[in-house]
Every structure is written in structure tokens, then in C-alpha cells.
Amino acid sequence: MTLLGRLLRNRRAGDIHLAWNLPNLQGPELLTLTSRNFDDGAPMPLEHCAKHVRGGDRSPHLAWTGLPPGTAQLLVVVEDVDVPVGKPAVHCAALVDPATGELEAGALAGKEPGPGVRVLRSTIGRGYHGPAPVKGHGPHHYVFQLFALAAPVDGATRPDRARPRTLLPAIAAPVLARGRLTGVFER
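Residues numbered from 1 in each chain as written. Predicted model: local features only at pLDDT ≥ 70, side-chain atom pairs only at ≥ 80, totals over all residues. Heavy atoms only, no water.

1. Side note on the overall build of the chain
Next, step 1: Assigned secondary structure in the chain consists of two helices and nine strands.
Next, step 2: Starting at the N terminus and ending at the C terminus, the chain contains elements arranged as α-β-β-β-β-β-β-β-β-α-β.
Next, step 3: At 16 Å, the chain has a C-alpha radius of gyration in line with the 16 Å of a compact globule built from 187 residues.
Next, step 4: Per-residue burial over the chain gives 49% buried out of 187 residues.
Next, step 5: In the chain, the proportion of contacts linking residues at least 24 apart, taken out of those at least 6 apart, comes to 77%.
Next, step 6: For the chain, the accessible surface area stands at approximately 8700 Å², while carbon and sulfur atoms represent 54% of it. (Helix = DSSP H or I, 4+ residues; strand = E, 2+ residues; numbered from the N terminus. Rg over C-alpha atoms; globule rule 2.2 N^0.38 Å. Buried < 20%, exposed > 50% of the residue type's maximum accessible area, 1.4 Å probe, protein only. Contact = heavy atoms within 4.5 Å. Areas by Shrake-Rupley, 256 points an atom, 1.4 Å probe, with all protein chains shown as cover.)

2. Brief notes about the sheet that holds strand S9 (residues 175-185)
Next, step 1: In space, the six strands of this open sheet follow the order S2-S9-S8-S4-S5-S7, with mixed pairing throughout. What marks the edges here is a single partner per strand, and that holds for strand S2 (42-43) and strand S7 (117-119).
Next, step 2: Bridging between strand S4 (residues 73-80) and strand S5 (residues 89-96) involves seven bridges; their strand directions are antiparallel. Bridge pairing in S5 places Leu-75 opposite Leu-95. (Pairing = 2+ DSSP bridges.)

3. Description of the nonpolar core
Next, step 1: Leu-62, Val-76, Leu-103, Leu-108 and Phe-144 are the most contacted members of the largest nonpolar core, which totals 28 residues.
Next, step 2: Looking at this core, the elements with two or more residues in it are strand S3 (62-65), S4, S5, S7, strand S8 (140-149) and S9.
Next, step 3: Top element by residues in this core is S8. It accounts for four residues.
Next, step 4: Among residues more than four places away in sequence, those in contact with Leu-103 are Pro-60, His-61, Leu-62, Trp-64, Val-76, Val-96, Leu-108 and Val-117. (Core = buried A, V, L, I, M, F, W, Y, C linked by side-chain atoms within 4.5 Å.)

4. Considerations on the sheet that holds strand S6 (residues 102-103)
Next, step 1: Within the open sheet, the three strands sit side by side as S1-S3-S6. Their pairing is antiparallel. Two strands lie at the open edges of the sheet, namely strand S1 (32-34) and S6, each paired on one side alone.
Next, step 2: Here S1 pairs with S3 via three bridges, running antiparallel. By the bridge assignment, Thr-32 is partnered in S3 with Thr-65.

Given below as C-alpha cells:
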């Protein structure tokens, strides 16, 4: 266990500030979000973790069921609730065409996203950034959140340029349904 990990062991952002808990992103939990790469609450394979922890930094496969009629756009947000700072770190934010049906592994890449995917800024950069918690800090929970929006994210919010903590509370489109999946990684 590293000294920094030990010192920060009891400091965690918590889930109170997750996109999931924002008043404007509330909606019925009708979506079932799954992955071929890990089960809900299970460890994430190294392939989906950051390169500096010897991972592949490749976003996992994501599939959903229960998409309601009238869904105009999907919002995907991936957050680490265990970072030792005040708010969860956004590891990925993206807008997805609901006609895609699912996201193959790697579809949330910043440089070459999959078909129908528009990657947005995250806390770290653009596109998916895999887990890389402080060594010795304990398990980190990565919450993959999917929101079915009744209208596309408005251009007035400038989604491509906005930081996640500015963009997420500004989304005005009603949430028709939502679902989440949590992966775990520890160093």
C-alpha cells in the first residue's frame, strides 16, 4: 500500500454528486444497462482500465433494454465516486443516437468514436478514460449511467465545449428513462 493511498483511504467523493442525482436528470429507472465485459458490481477487466496501470484504456461494451418510444438522444456518463476529492471524476460523457442499439467495446474513444457517438469533455479530457485509482486507496466504483432524453441536448448549452459540471446540470431535455451499471477496480 502506498503512503498516499493510506493517507487518503477515508476520503471519497461519494455518490451524492453523481449525474444520477441531479434534479434535471431524474426519471424512471426503466433502462437495464449491461456489459459483456463485467457484471454490475463486479471487477472491471484490465483491458478497460487506464494505460498507466497496464490497461488497454478501451471503453467496455454497453447494451440496454427498455428504451421508451420518443427517445431522441442518449446521454452516457461514467463517474468514479471514490476519488479523494469533493465530487466524482467524470471519466466519460457522450451523446449517443438511440438507433445504435448498443455500444461495442471502444465506441467511446475520444479520437475515433463508434457510429452514432459524439464524445464530450470529461474531467480528464475527451472520450473514455479508464480506471486508474491511487494505489492503495481501496476499491473504486465506476458508475456507467445512461439517460434516455426526450429531445437532443440543446446547442445553447454548447455540449462539445462545456465542462461536465457545467453541462450536466444545464441539460433541459426531459429524461424518459435511465439505468446504471457499476464496475469496480482497485490497485
